[in-house]
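An overview of the molecular structure
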Amino acid sequence: MSQDFATQMGAHIPRMYRVALRIVFDTDRAHDVVEDACVKALRKIDNFNGDASLASWLHRITVNCARDYLRGNNREKKKIEAFGLRVVQSPCSAPNPAGAIEQREMIDMVLQQVQLLPDDCRTAFVLTQLDGYSYDQAGEIEDQPRGTVASRVFRAKQLLLK
């Protein structure tokens, strides 16, 4: 293992954690997923050929580790409060406490619905709509064609609107 790779990987850990957290919905489990992903990345560094960016490669490993966690734990439902979403204040956000509470309740309701999405749709939705990846980047991470990612996001949006 080169020190340079470990340093580069360290720069991606916060985003890896956010991706894991949005898939497993538990802060402790998200830490475990990221730890597993880092170990796998270090073991498989010789397989990294540079076709995809380092960020895409690490996030693909993180998503796969998170899915493995879900499969291994019978998809237990986790409390949405463990989600830990950072709320970005926009200029139109409510400046008063009542408005902030209402905004948080709305976010909680949306996240509860996101949690109920099928795994493939949830992952595509989280990567593109919450984490800001393009469909092409999400396709690299999930090792799926762009069209598959787009259709999964579309399906997720349809399910959320029901």
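Given the structure is predicted, the values throughout are model-derived calculations rather than measurements.

1. Notes on the overall build of the chain
Looking only at helices and strands, one finds seven helices and zero strands in the chain. What you see in the chain, going N to C, is helices and strands ordered as α-α-α-α-α-α-α. Counted over contacts in the chain with a minimum sequence separation of 6, partners at least 24 positions apart contribute 66%. As presented, the chain carries roughly 9,400 Å² of accessible surface, and 51% of it is formed by carbon and sulfur atoms.

2. Brief notes about unusual backbone geometry
Backbone geometry at F25 places phi at a positive 60°, although glycine is not the residue there. Tracing the backbone through its elements, the reader meets F25 in the loop between α1 (3-24) and α2 (27-43). The phi angle at D143 is positive, at roughly 60°, despite the residue not being glycine. According to the relative accessible area criterion, D143 is exposed, its value standing at 59%.

3. Overview of the confidence of the model for the chain
Counting all residues, the mean pLDDT for the chain is 79, and 81% of those residues have values of 70 or more. Confidence, expressed as mean pLDDT per element, reaches its minimum in the chain at helix α4 (residues 97-115) with 75 and its maximum at helix α7 (residues 146-161) with 92. Note that residues 74-94 has pLDDT below 50 and, in this model, 35 contacts with residues that lie over four places away or in other chains.

4. Considering the environment of Q129
Along the polypeptide, Q129 turns up in helix α5 (residues 119-130). For Q129, a relative accessible area of 34% translates into the label partly exposed. Separated by 28 residues in sequence, Q129 and K157 have C-alpha atoms that sit 10.0 Å apart. Excluding its chain neighbours within four sequence positions, the residues that come into contact with Q129 are Y135, V153 and K157. Among the polar contacts made by the side chain of Q129, one reaches the side chain of T128 at a distance of 3.2 Å.

5. So, the packing of aromatic side chains
Within the structure shown, the criterion is met by one aromatic pair. On the numbers, 5.0 Å between centres and 45° between planes, the contact of F48 with W57 is tilted. The lysine or arginine in question, R15, covers the ring of Y133, its NZ or CZ lying 4.1 Å from the ring centre.

6. Notes on a nonpolar patch on the surface
A contiguous nonpolar patch, built from M106, M109 and V110 and spanning about 290 Å² of accessible area, is present on the exposed surface. On the secondary structure map, M106 appears in helix α4. Owing to a relative accessible area of 49%, M106 belongs among the partly exposed residues under this scheme.

7. Structural notes on α7
Spanning 16 residues, α7 covers 23 Å between terminal C-alpha atoms, matching the ideal 22 Å at 1.5 Å per step. Residues of α7 that are buried: V149, R152, V153 and A156. Around the axis of α7, the buried residues are gathered within 100° of arc, so they sit on the same side. Those residues of α7 that are exposed and angled more than 90 degrees off the buried face are F154 and L161. Buried residues belonging to α7 abut α5 and α6 (135-142).

The rules we used
- Residues numbered from 1 in each chain as written.
- Predicted model: local features only at pLDDT ≥ 70, side-chain atom pairs only at ≥ 80, totals over all residues.
- Heavy atoms only, no water.
- Helix = DSSP H or I, 4+ residues; strand = E, 2+ residues; numbered from the N terminus.
- Contact = heavy atoms within 4.5 Å.
- Areas by Shrake-Rupley, 256 points an atom, 1.4 Å probe, with all protein chains shown as cover.
- Buried < 20%, exposed > 50% of the residue type's maximum accessible area, 1.4 Å probe, protein only.
- pLDDT = per-residue confidence, 0-100.
- Polar contact = N/O pair within 3.5 Å; in protein donor to acceptor, adjacent residues only side chain to side chain.
- Phe/Tyr/Trp six-rings, centres within 6.5 Å; stacked < 30°, edge-to-face > 60°.
- Lys NZ or Arg CZ within 6 Å of the ring centre and 35° of its normal.
- Patch = residues over 30% accessible without salt bridge, like charges linked within 9 Å, V, L, I, M, F, W, Y side chains within 5 Å.
- Salt bridge = Lys/Arg side-chain N within 4 Å of Asp/Glu carboxyl O.
- Expected span 1.5 Å × (residues − 1).
- Arc of directions from axis to C-beta.

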